[in-house]
Each structure stands twice: as structure tokens, then as C-alpha cells.
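Examining the three-dimensional arrangement
One letter stands for each residue in the lines below.
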Amino acid sequence: MRIMLFSHLCSKEHITGAEKLLLFMARELKAQHDCILVVPGEGILSKEAREAGIYTVSVSYPLLWEIYTPGPGLQQQLEDLPVKERRAMSGLLCVLGEYAPELVIVNTCVNVLPPLAAKALGIPVLWMITEKMIDTGFTPVSVTYINAHADLVAGISEATLTAFGGSGGEANPVLYPSWHPESIQPEQWAESRQRLRGSFGISEDTVLAGYISSDIYPTKGLEHFIEAALQLCPASPEVQFIIAGRATDIGFYRQCYEKTAVSGYGRRFHWVDFERDIGKIYPAMDVVVVPSLAEEGFGMTALEGMLFGKPVVSFDSGGLREILNHTDNGRFLVMRGDVAGLAGRIAELAADRQLREVTGVRNLAAASQAFGIDVYRIRQQSLLAGMEARIAAVTAASPVLAAIAKPAVLVRGNDPQLYVLRDGVRYPVTAGQLRLLGLPPVPVQVPQALIASQPLGFAACSSGEAAPRPGRGGAGRRRMRARRKRRAAAAGSGRSGRKSTSVRKLRKVRSAAWERKSRIGRAQPGKSRSARRSRAGSRPALGRQARPAASVQRSRARAKAAKGRGRRRR
């Protein structure tokens with residue numbers, strides 16, 4: 001099966017947790033499927049994907065962050081999206097049309113354009129939700145949009161599916177993150193521990209409590225970690241603290257650093273940059289602290305700490321709760337924001353070496369049992385089995401589009417004909433129909449071959465307006481435009497004037513001839529009216545008695561010749 005995966009980001013500076021999870025999924029799928037990774041730009045993710053042998057394509061498309069924090073204008077933003085982002089939609093439709101995947105996988109709730117394009121072409125969509133959306137009065141708008149553009153919505157934890165009614169077997173399955181055991185490299189832990197601790201002069205008798213985050217900003221809880229640490233410092237001189245992360249919010253980062261500097265315990269705090277190779281940081285720690293204030297989608301930091309055999313203390317929020325509960329670490333969950341409780345759990349572990357060691361060993365075994373690679377592959381296979389059933393169930397849409405409903409994308413190719421793409425069927429529509437249905441007649445320009453590759457449906461008429469005949473309107477309009485161009489060109493060269501004069505003369509001659517015939521006919525006695533009309537038709541035939549004069553015949557001949565020249569020019 002050909003599977004196309006769409007990442008929401010591809011930063012040149014660092015790789016986010018959602019990007020790591022998507023890359024991990026692509027590596028697993030690559031063993032049995034033809035996988036293509038699509039990124040919105042070149043960066044670390046695309047580089048690592050290509051190094052892993054995953055075919056990677058770069059297509060620019062924006063994100064809609066408002067779907068994560070929904071507000072009153074979200075519905076209008078979603079409706080305007082295909083119009084405002086026509087260039088991005090065109091690129092997505094083209095790449096989907098070129099590679100024709102059987103399944104599209106999208107990560108994060110804010111990655112809204114790829115599923116819209118995929119569903120317009122009738123490609124089944126698996127939408128992976130990797131974060132817990134902010135609960136507002138407009139969250140149902142986000143949920144409705146995601147459900148409408150996905151054949152299956154799955155999450156990386158039960159917390160991420162809260163807005164969708166929670167996880168429920170096949171309805172909204174959970175695919176917990178995992179890891180490849182060889183990536184941890186336990187044989188290097190001792191060396192990594194000695195190197196990092198030695199660089200700060202930290203002895204083995206010192207308990208090192210660690211905080212780590214790829215990006216440091218307020219909701220990651222660094223300030224709460226520092227406050228808990230400062231509460232520990234007077235009574236626990238054997239405890240020191242290490243903070244590893246990138247200063248995403250520089251002002252906040254500086255504020256936290258200054259708080260430790262003026263506390264009188266500044267020498268017990270050690271600050272390091274975030275290291276992509278986490279195996280160089282975790283082994284040096286004795287306790288891993290995850291004081292996240294946000295409802296984490298999963299909390300990979302807590303799982304990583306357990307993989308390195310460390311006890312983990314965490315705030316009770318989002319996916320962190322699931323990780324600690326699934327590994328029998330509920331006792332180390334602290335109510336979110338409770339600094340004193342956080343300090344108490346750290347102090348408990350710092351004072352008992354045996355408790356730290358036993359907890360660490362148990363964490364590694366429990367994490368492997370709950371989230372290990374074998375469990376992950378079983379869950380992933382079950383997820384794909386459900387999608388394969390949906391793929392097999394995909395059938396051609398009804399030949400009549402009773403109402404242009406979403407998800408749909410308005411497109412046009414090389415000709416002026418407008419089409420609505422929905423569920424892999426193209427429906428020809430007129431601008432009038434779009435106005436009656438309240439849809440803006442601003443199409444996305446795509447190659448004609450892409451439109452032609454989709455089955456043709458018939459748009460239902462609206463308010464008595466006839467739908468365009470498939471395959472007609474565009475060609476007729478092209479011929480009309482060509483005629484107008486030829487006439488304009490002829491007018492510019494002076495030929496049009498001569499032709500118009502000839503036509504006018506011909507009309508005058510015909511009028512004179514008909515008038516003369518009329519007089520002759522009325523002057524002939526004994527002839528009935530029907531007899532005088534010698535031939536049927538709208539134009540009476542001229543009898544022998546009423547032949548026009550020689551001058552009239554010459555005028556006719558000249559007009560006929562002029563008309564022939566005009567046809568040859570066209």
C-alpha cells in the first residue's frame with residue numbers, strides 16, 4: 001500500500017516531538033509499505049527521513065493554529081481556507097494527484113490543508129491528534145471539521161481524544177509512542193554520565209535532579225521546578241539541579257536564570273543547551289522532573305526518563321498521567337501547580353538511594369511492557385487493518401451532487417469550466433450555482449490532467465438553473481473567444497470595416513428584392529397566396545418572373561465572395 005504522511009513542521013533548528021513521532025511511524029511503516037513523507041519545507045526532519053531511506057517531498061502549506069485554541073472566528077477561517085490558500089491547495093492537490101497514495105496520514109490538529117485536499121480527491125485520511133486541544137466554547141467547531149475530513153481520528157494518548165468523546169476501540173483508537181531499543185545505547189550510559197557530571201564537577205555522591213525540554217517557555221513549568229528546587233536547597237545540601245533546553249522564550253529563560261542567581265544557591269544549578277542526542281543527558285540525572293503546566297498530549301520526556309532507568313516525578317496533566325499510571329508510578333504524580341508537593345517527591349527520592357535504584361529498574365521494565373516496540377507494532381497493525389477496511393469500502397460517489405457539501409474544493413484547469421472536487425469525483429458547476437449555494441467562485445488552479453483523472457459526476461440544478469453539460473461548456477467558450485479575437489484583429493487591420501459594409505449592402509439588396517417580388521406577386525391575377533409562396537421556409541424564394549436586376553446579382557456575388565474570404569481568414 002502506498003502511504004503518504006504529512007508533517008506539520010520541518011524546522012532547520014530543531015525537531016519537535018510530533019515530528020519525531022511521525023518519523024518513527026514512517027520508519028515502521030516503511031518495512032511493509034511504500035511510504036512518502038511530505039514536509040512544508042526542508043529541515044532536520046526531511047534530512048533524517050532521507051537518511052532513513054524514506055522518500056521525501058517538500059510542498060509549502062500553512063498551519064491553522066486557531067483550530068488548537070478555537071475562537072468565534074474559526075468557522076469562517078475554515079470556510080475561507082481553500083480560497084485564501086489557493087497556491088498551497090494547488091501544490092497539495094498536485095502532489096497527491098502525482099503520487100496517488102492509497103492512504104494519507106496527517107499529524108497534529110493544526111495541519112488542516114492536507115486532509116482537505118486528500119478528501120477532495122477521495123483519498124482515505126488517518127488523522128493523528130498529537131496534542132490536547134484547548135477546551136473552549138468553540139472546540140466543537142474544530143472537532144466537526146476534523147471528523148468531516150478524516151476517515152479515522154486516532155490519538156497518541158487518551159488525553160488527546162478527550163474532545164472527540166474519548167478513546168473507544170475502533171472509533172477513536174490510541175497509538176501510544178514508542179522507541180527503538182537500539183537507539184538508547186545502554187552500553188554508553190556510564191561514559192555519558194561521567195562526562196557530563198565531570199564537566200560541572202558533580203561527584204557520584206551528589207543527587208542530580210534534572211529538568212529537560214527541547215523548548216523552554218512558561219507552560220513547560222521551569223519556574224515551578226526552580227521554586228521547588230529552592231525549597232529543597234536549605235535542608236538537602238546533597239542535591240543539585242540541571243536544566244537542559246533551548247531558550248525559546250528568552251525573556252522567561254533569563255527571568256528563571258536570575259531567580260537562581262540571586263537566591264544564594266546559584267552554584268547548585270547547572271544550565272546546558274538542549275542536546276538532540278538525549279543519551280548524553282539523561283544518564284547524568286538521578287531523578288527526572290516533568291512539571292508541565294499544559295495538558296500534554298503524551299509527555300515523551302517522562303517516558304524517556306524511564307527508558308534510561310530513572311525515577312520520574314511529574315505534574316498530573318494530560319498524557320503524563322497515563323504514562324505514570326500505566327507504569328505503576330501513580331505515587332509520583334503531583335497535582336498540577338503544587339510546588340510544595342513537587343519538592344516533597346524529589347526530596348523523598350533524593351534521600352533514599354535504594355528507592356531511586358529500584359524505581360528506575362522497575363520503570364524500564366514497566367515502560368517496555370506498556371509502550372515497547374512490540375506493543376506499538378501490534379497497535380499500529382490494528383490501526384492499519386481498520387484503515388484497510390475503510391479503503392476497500394471506498395466506492396464512487398453518487399453521480400448527482402444534491403448539494404455541494406464539504407469537504408469540497410473548487411478547482412479549474414486550463415479551460416474556464418469550474419469543478420467541485422469531492423470524494424474523488426469532479427462535479428461541473430456554474431458560477432451562478434456557487435452563488436446560490438453561498439460558495440465563493442474563486443477556484444484553485446490545477447493541471448487539467450488532474451481534473452480529467454477524476455470520475456465525472458453531475459451537479460444538481462439549483463433554483464431552476466441548468467447544470468453545464470460535461471465536456472461541453474469550456475470548448476464552446478474557447479471557440480467564441482477565438483472568434484472575438486479574430487474579429488478584433490480584423491478590425492485593427494481594416495478588414496472588418498469592408499466586411500461589415502458588404503453585409504449591409506447585401507441586406508439592402510435582399511430587402512429591395514423582397515419588396516419587388518411582393519409587388520410583382522400582388523400584380524399577378526389568378527395566383528393564390530400559397531402558390532405565390534413557391535417554397536417553404538422563413539425566406540420566400542424568388543420566382544423567375546421576379547429575378548433581380550443584373551446589378552443586384554452582381555452585388556450578391558460580391559457579398560458571397562466577401563463572406564468566403566472571411567471564412568478562410570478564420
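Residues numbered from 1 in each chain as written. Predicted model: local features only at pLDDT ≥ 70, side-chain atom pairs only at ≥ 80, totals over all residues. Heavy atoms only, no water.

1. A short note on the overall build of the protein chain
The number of helices and strands found in the protein chain is 20 helices and 18 strands. Going through the 570 residues of the protein chain one by one, you find that 48% of them count as buried. The contacts in the protein chain between residues at least 6 apart in sequence include a share of 69% that link residues at least 24 apart. (Helix = DSSP H or I, 4+ residues; strand = E, 2+ residues; numbered from the N terminus. Buried < 20%, exposed > 50% of the residue type's maximum accessible area, 1.4 Å probe, protein only. Contact = heavy atoms within 4.5 Å.)

2. A look at the pairing of strand β4 (residues 103-107)
Burial within β4 is extensive, with five of its five residues counted as buried. On β4, burial covers both faces: Leu103, Ile105 and Asn107 on one face and Val104 and Val106 on the other are all buried. By the bridge criterion, four bridges tie strand β1 (residues 2-6) to β4 in an arrangement that is parallel. Along β4, the bridge assignment pairs Leu5 with Ile105. (Pairing = 2+ DSSP bridges.)

3. Examining the packing of aromatic side chains
Overall, the coordinates contain 13 aromatic pairs when judged by the stated rule. Ring geometry for Phe24 versus Tyr376: centroids 5.0 Å apart, planes at 80°, classification edge-to-face. Taken together, the positions of Phe24 in helix α1 (residues 17-30) and Tyr376 in helix α14 (residues 373-393) put the pair 352 residues apart, joining distant regions of the chain. Residue Tyr376 is classed as buried on the basis of its relative accessible area of 3%. Ring centres of Trp189 and Phe308 lie 5.3 Å apart, and the angle between their planes is 45°; this geometry places the pair in the tilted category. Here Phe308 lies in the loop between α10 (300-307) and β11 (312-315) and Trp189 lies in helix α7 (residues 189-199), a separation of 119 residues in the sequence. An aromatic cluster is present here, built from Tyr211, Phe225, Phe241 and Phe269 joined pairwise through their rings. (Phe/Tyr/Trp six-rings, centres within 6.5 Å; stacked < 30°, edge-to-face > 60°.)

4. Here's the deal with the pairing of strand β7 (residues 207-215)
Most of β7 sits inside the fold, with eight of its nine residues counted as buried. Where β7 and strand β8 (residues 239-246) come together, eight bridges link them in parallel fashion. By the bridge assignment for β8, Ser213 is matched with Gly245. Taking the sense of rotation as the criterion, the β-α-β connection linking β7, helix α8 (residues 222-232) and β8 turns out right-handed. Pairing analysis gives two bridges linking β7 to strand β10 (residues 287-290), with the strands arranged parallel. (Right-handed = clockwise from strand over helix to strand, strands pointing away.)

5. Focus on unusual backbone geometry
In this model, Ala100 sits at a positive phi of 45°, which is unusual for a non-glycine residue. In this fold, Ala100 is placed in the loop between α4 (86-99) and β4. The backbone of Asp423 sits at a positive phi, close to 55°, despite the residue not being glycine. Inspection of the secondary structure assignment puts Asp423 in the loop between β15 (418-422) and β16 (425-429).

6. Here we look at the sheet that holds β11
Strand pairing within a sheet occurs via backbone hydrogen bonds; the two strands may be parallel or antiparallel. In space, the six strands of this open sheet follow the order β9-β8-β7-β10-β11-β12, with parallel pairing throughout. Two strands close off the open sheet at either side, each with one partner strand: β9 (269-272) and β12 (333-334). Across the face of the sheet, α8 comes into contact with β7, β8, β9, β10 and β11 while running at roughly 170° to β8. (Axes fitted to C-alpha atoms, helices over the stretch in contact; angles between N-to-C directions.)

7. Describing the confidence of the model for the protein chain
In the predicted model, the protein chain carries a mean pLDDT of 83, and the fraction of residues at 70 or more is 78%. Across residues 470-476, confidence stays below pLDDT 50; counting only partners more than four residues off in sequence or on other chains, it has five contacts. For residues 495-500, every residue scores under 50 in pLDDT, and the model assigns this stretch six contacts once sequence neighbours within four places are set aside. (pLDDT = per-residue confidence, 0-100.)

8. Examining the sheet that holds strand β17 (residues 444-445)
The sheet built from four strands is open, its strands ordered β16-β15-β14-β17 with mixed pairing. Since the sheet does not close on itself, it has two edges, and those belong to β16 and β17, each with one partner. Judged from the two bridges that link them, strand β14 (residues 409-412) and β17 form a sheet pairing that is parallel. Counted as the bridge partner of Arg412 is Gln445 from β17.

9. A word on the nonpolar core
Leu5, Leu93, Leu96 and Leu222 are the most contacted members of the largest nonpolar core, which has 148 residues in total. With residues near it in sequence (within four places) discarded, Leu222 still touches Tyr211, Ile216, Ile243, Phe252, Cys256 and Trp271. The next biggest cluster of nonpolar side chains, apart from the first, holds seven residues, and it includes Leu410, Val420, Leu434 and Leu439. (Core = buried A, V, L, I, M, F, W, Y, C linked by side-chain atoms within 4.5 Å.)

10. Details of the environment of Ala117
Secondary-structure assignment places Ala117 in helix α5 (residues 113-120). Separated by 20 residues in the primary sequence, Ala117 and Gly97 have C-alpha atoms spaced 9.9 Å apart. Setting aside chain neighbours within four positions, we find Ala117 in contact with Met89, Leu92, Leu93 and Leu96.

11. Let's talk about the side chain of His8
Tracing the sequence through the fold places His8 in the loop between β1 and α1. With relative accessibility at 7%, the residue His8 sits in the buried group. Once residues lying within four places of it in the same chain are set aside, the contact partners of His8 are Thr16, Ala18, Glu19, Pro40, Leu63, Asn107, Thr108, Val110 and Asn111.

12. Details of α7
Along an α-helix, residues three or four positions apart point the same way, because every turn accommodates 3.6 residues. Listed as buried for α7 are Ser192, Arg193, Leu196 and Arg197. The buried side chains of α7 occupy one side of the element, clustering within an arc of 115° when seen end-on. Exposed residues pointing more than 90 degrees away from the buried face of α7 are listed as Ala190, Gln194 and Ser199. Of the surrounding secondary structure, the elements contacted by the buried residues of α7 are β7 and β8. At the exit of α7 stands Gly201, carrying a positive phi of roughly 70°. (Arc of directions from axis to C-beta.)

13. Some words on the packing of α10 against helix α11 (residues 319-326)
With their axes 9 Å apart at the nearest point, α10 and α11 run at an angle of 25° to one another. Between α10 and α11, the interaxial angle falls into the category roughly parallel. For the pair α10 and α11, contact is made by Ala302, Leu303 and Met306 and by Leu320, Ile323 and Leu324, respectively. Of the residues in the contact of α10 with α11, the class split is six nonpolar, no polar and no charged. (Parallel < 35°, antiparallel > 145°, perpendicular 65-115°, else oblique. Nonpolar A, V, L, I, M, F, W, Y, C, P; charged D, E, K, R; others polar.)

14. A word on the environment of Arg27
Inspection of the secondary structure puts Arg27 in helix α1. Separated by 27 residues in the primary sequence, Arg27 and Ile54 place their C-alpha atoms 7.5 Å from one another. Look past the residues within four positions of Arg27 in its chain and what remains in contact with it is Glu48, Ala52, Ile54 and His180.

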